[in-house]
Amino acid sequence: MNRIYLDNNATTIVDPKVKDIMTPFFCQQYGNPESLHSFGMQLHPPMRKALDQLYAGINANDEDDIIITSCGTEGNNSIIKSVYFNQILNGDKNHIVTSLAEHPSVAKTCAFLEKQGVEVTYLSLDKKGCINPQDLEYAITEHTALVSIMWANNETGVIFPMKEVSDICRQKNVLFHTDAVQAIGKIKVDIQKIPIDFFTFSAHKFHGPPGIGGLYIRNGIKFSPLFHGGEQMNDKRAGTINVPSLVGMGVAMEMANDALEYEKTEVYRLRNKLEDAILSLDDVIILGDRKYRVPNTLFVSIKGVEGESLLWDLNKNGIAASTGSACAAEDLQADAVIEAMGVNDDLAHTGIRMSLSRFTTEEDIDTTITVFKNAVERLRKISTVY
Ligand code: PLP
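Residues numbered from 1 in each chain as written. Predicted model: local features only at pLDDT ≥ 70, side-chain atom pairs only at ≥ 80, totals over all residues. Heavy atoms only, no water.

*Asks:* Before we move on, could you go through the sheet that holds strand β9 (residues 284–286) and cite the residues and values that matter?
*Replies:* Ordered in space as β9-β10-β12, the three strands form an open sheet in which the pairing is antiparallel. The sheet is open, and its two edges are formed by β9 and β12 (351–355), each paired on a single side. Each neighbouring strand pair of the sheet contributes to a mean axis angle of 25°, computed without reference to strand direction. The strands that helix α12 (residues 307–316) touches are β10 (297–302) and β12; relative to β12, the one it contacts most, it runs at about 40°. In this fold helix α15 (residues 362–381) packs onto β9, β10 and β12, with an angle of close to 20° to the strand it touches most, β10. (Pairing = 2+ DSSP bridges. Helix = DSSP H or I, 4+ residues; strand = E, 2+ residues; numbered from the N terminus. Axes fitted to C-alpha atoms, helices over the stretch in contact; angles between N-to-C directions. Contact = heavy atoms within 4.5 Å.)

Structure below.
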């Protein structure tokens with residue numbers, strides 16, 4: 001059976017070209033880059049190249065920091081906890097503003113800080129899955145240390161109004177962090193155009209290797225590392241650097257940016273083809289405006305069909321989709337983000353996410369349309385509620 005992968009918001013295939021570029025760094029060009037011998041020192045130029053690719057990929061200034069982490073979760077934890085140490089515990093602030101759409105690596109970190117006495121405001125979502133920038137303006141007070149709002153949502157694909165959020169934070173002189181894990185490789189991310197203080201990304205979401213990510217810190221902002229130990233990354237993140245993966249992440253970032261036009265046109269066209277076919281069924285809703293979503297994602301609720309049943313049916317036919325974020329895939333609770341959009345409980349339980357990539361083909365989509373329609377018809381026939 002030809003398997004079809006439509007779960008690219010959970011993780012992506014490593015681009016074979018990325019894998020080829022990484023391979024020599026396992027058994028030929030190996031060493032610890034901190035070592036003062038040729039094995040270690042030979043790694044400095046490829047590491048510099050990878051970092052340059054990352055700086056260019058998000059248009060960062062040389063004076064700013066890009067710190068290599070193990071994943072997006074580490075990046076989000078590092079930034080929010082650093083603000084806690086610097087601006088809250090050792091400063092005069094005590095408030096964080098975030099949204100109800102955030103990934104658990106932000107939401108649970110904020111909830112943890114609430115238990116330490118920090119006040120957290122969670123901005124609500126409208127029916128389109130977005131925040132209202134005016135709510136942000138009202139939420140910020142003189143005690144606000146940080147605004148943390150994601151660039152694009154992992155489940156609905158909804159893109160948040162980054163420019164407006166950034167402008168408000170600048171006007172009010174508040175630090176701004178964005179979790180851009182689902183934005184890189186899907187839409188243009190340029191932090192000169194949209195000033196941001198902290199920024200998180202993760203290579204496995206843009207056809208790079210798993211287990212490596214990065215965080216960006218604007219020049220001059222005080223940062224306390226999450227990990228203490230060696231002096232890697234200018235003393236901002238201890239631990240021996242994973243050189244093969246750093247090299248892979250650099251080239252994956254470059255390739256992802258080169259493919260943005262393809263993402264905007266071809267991936268968008270294929271996603272819309274699938275979406276239009278699904279919309280031709282009765283009693284389905286797609287969450288989030290098409291115009292304001294990343295090009296690869298659709299989240300559909302289908303009346304009378306349990307998301308998990310549909311997922312199994314698709315899986316039986318070789319198609320991989322998701323009922324929500326992979327981190328919550330085994331949790332049958334209606335997804336918090338979908339509920340925050342005001343989708344009623346019945347429909348929230350029927351949601352299924354399909355996320356494409358530049359490796360998705362027309363044939364994949366045609367097959368998915370046929371299998372999807374048949375599955376919905378069959379499941380509705382045996383449904384006791386439809
Ligand atoms: N933020 C968002 C929006 C995500 O979608 C994910 C992963 O799904 C993460 C953060 C966590 O990234 P990682 O899996 O690299 O820890």
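*Asks:* Quick one: what's the story with helix α4 (residues 44–58), residue by residue and with numbers?
*Replies:* The terminal C-alpha atoms of α4 lie 22 Å apart, and with 15 residues this matches the ideal 21 Å at 1.5 Å per residue to within 8%. Buried residues along α4 sit in contact with α2 (24–27), β2 (65–69), β7 (198–202), β8 (213–217) and α10 (243–258). Count one or two residues on from α4 and you reach Asn59, which has phi positive near 60°. (Expected span 1.5 Å × (residues − 1).)

*Asks:* Please give an account of the nonpolar core that cites residues and values.
*Replies:* Core analysis: the biggest nonpolar cluster contains 89 residues, and Ile58, Val147, Trp151, Phe160 and Phe199 have the highest contact counts within it. Excluding its chain neighbours within four sequence positions, the residues that come into contact with Phe199 are Ile58, Ile79, Trp151, His177, Thr178, Ala180, Ile184, Val189, Ile191, Gly214, Leu215 and Tyr216. Counting 28 residues, the second-largest nonpolar core is a separate cluster that includes Leu6, Val300, Ile352 and Met354. (Core = buried A, V, L, I, M, F, W, Y, C linked by side-chain atoms within 4.5 Å. Buried < 20%, exposed > 50% of the residue type's maximum accessible area, 1.4 Å probe, protein only.)

*Asks:* Can you tell me about α12, naming the residues and giving the values?
*Replies:* Structurally, the α-helix is built with 3.6 residues per turn, so residues lying three or four positions apart point the same way. Among the residues of α12, Gly307, Glu308, Leu310, Asp313 and Leu314 are the ones counted as buried. Turning to α12, the residues buried within the fold contact β10, β11 (319–320), β12 and α15. Among the residues trailing α12, Gly318 stands out with phi positive, at a value near 85°.

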